[in-house]
Amino acid sequence: MRRSLLSVALLAAIGMLLLVLWRNAGSDVDSLEDIMHRHGLTAAEIAYGHSGEQPRVRTVNAKVDMVRPLYSLAKPITAAAALRVLDLDQKIEGATVRQLLQHRGGWDRAVAGDPVTRLTSGKDCTMLAVPEKQFRPGARYAYSNLGYCLVGRAIAEKTGKSFRDSVADLFPETGDMDFDPALGPAGGWSGTARQYYRFASRPLPQGTGRDALSRPNDIPYGLGWAIGPDFATHYGALRSGFSIVVKQGDFVAVGVFDGRPKNDVAASREIRAALLRWNAEK
């Protein structure tokens, strides 16, 4: 009798294991939907593929080519422009361009708030009066939208054009995107996943990942990109939107989402892993 009960229990355990394996072997779209549901994301469009190719597109509760805010996916664009136009050792408000691109400029929004995200539409973050610093530039990491707006101002001053026009000259694929100067170089572009894919398909600028800065609870940060062991990535999150880009070799994936996760870092980690699995598709 006891042996029969043990056999039944063993078969039940095997059955549960097979069910879990079967679910995990399901389509990546399904696993992405699970992640989205867990993090409060209600719709998505993902453009992905290999550099030099037209991207494939997948959607979840969304139409193709819907324009959405890209938020901090602006930062890889701003950093790429800075690496073309500015000297990394150039000083801006007491910090070097390199320090500003790595969020080491001296402003800590956790202490003093974020003057960029408080701006109303029609304002320009590159014209902000520079507030008092909370720490010595270079001393530590503190994510700063303000630092990127100051880099954008320096780019405009160097080129003699507006920041947006300067970037469009360097990266024509951004010319078709919408631009909000209030978030500006820190997060002002809106566009489709395919539009951003065209920018992200470019090779990373030389030196982007060199001396990437370790930071608490997240992967190291280079010049405009977070640098993983074999990938580069960035995510953006504000108000009611979330976006992410990941590059692995010549594979690129860009996702734009409706909804805002409660934990941006956790959501980016899970979504990034799901998108990188698509790199194995034939």
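Just so you know, these numbers come straight off a predicted model, no measurement behind them.

S.K.: Outline the pairing of strand β13 (residues 251-258), supporting the account with residue identities and numerical values.
M.R.: Burial analysis of β13 places seven of its eight residues in the buried class, the great majority of the element. In this structure, strand β1 (residues 43-50) lies alongside β13, joined through eight bridges in antiparallel fashion. Bridged to Y48 within β13 is A253. Pairing between strand β12 (residues 241-248) and β13: eight bridges, direction antiparallel.

S.K.: Please set out the pairing of β1 residue by residue, giving values where relevant.
M.R.: Extensive coverage of β1 is indicated by the burial of seven of its eight residues. Across five bridges, β1 lies against strand β2 (residues 56-60) in antiparallel orientation. Bridged to A47 within β2 is V57.

S.K.: Please give an account of the environment of F257 that cites residues and values.
M.R.: When you line up the elements, F257 lands in strand β13. Contact partners of F257, with chain neighbours within four places excluded, come to L32, M36, L41, A43, A44, R68, S240, G241, F242, I244 and I271.

S.K.: Can you explain the state of the cysteines? Please cite residues and give values.
M.R.: Evaluation of the coordinates by the stated rule reveals one disulfide. A sulfur-sulfur distance of 2.1 Å marks the disulfide that ties C125 to C149. For the disulfide bridge between C125 and C149, the dihedral angle about the S-S bond is near -95°, and by the sign convention the bridge is left-handed. One end of the pair, C125, is in the loop between α5 (109-112) and α6 (145-159); the other, C149, is in helix α6, with 24 residues separating them in the sequence.

S.K.: A description of the environment of D211 should follow, citing residues and the corresponding values.
M.R.: Take D211: it is sitting in the loop between α9 (193-200) and β8 (213-215). In this structure D211 comes out as exposed when scored by relative accessible area, which is 66%. Considering only alpha carbons, one finds D211 and L223, twelve residues apart in sequence, at a separation of 9.3 Å.

S.K.: Tell me about the packing of aromatic side chains, residues and numbers included.
M.R.: Using the criterion set out here, one finds ten aromatic pairs in the structure. Residues F163 and W189 carry aromatic rings whose centres are separated by 5.7 Å and whose planes lie at 55° to one another, so their mutual orientation is tilted. A residue pair is termed long-range when its members are at least 10 positions apart, and F163 in helix α7 (residues 163-170) and W189 in strand β7 (residues 189-191) qualify at 26 residues. We classify F163 as buried; its relative accessible area is 6%. Put simply, the rings of Y48, F251 and W278 touch in pairs and so form one group of aromatic residues. Over the face of the ring belonging to W278 we find R58, whose NZ or CZ atom lies 4.1 Å from the ring centre. The ring of Y148 carries K75 above its face, with NZ or CZ at 5.6 Å from the centroid.

The rules behind the values
Residues numbered from 1 in each chain as written. Predicted model: local features only at pLDDT ≥ 70, side-chain atom pairs only at ≥ 80, totals over all residues. Heavy atoms only, no water. Buried < 20%, exposed > 50% of the residue type's maximum accessible area, 1.4 Å probe, protein only. Helix = DSSP H or I, 4+ residues; strand = E, 2+ residues; numbered from the N terminus. Pairing = 2+ DSSP bridges. Contact = heavy atoms within 4.5 Å. Disulfide = S-S within 2.5 Å. Phe/Tyr/Trp six-rings, centres within 6.5 Å; stacked < 30°, edge-to-face > 60°. Lys NZ or Arg CZ within 6 Å of the ring centre and 35° of its normal.

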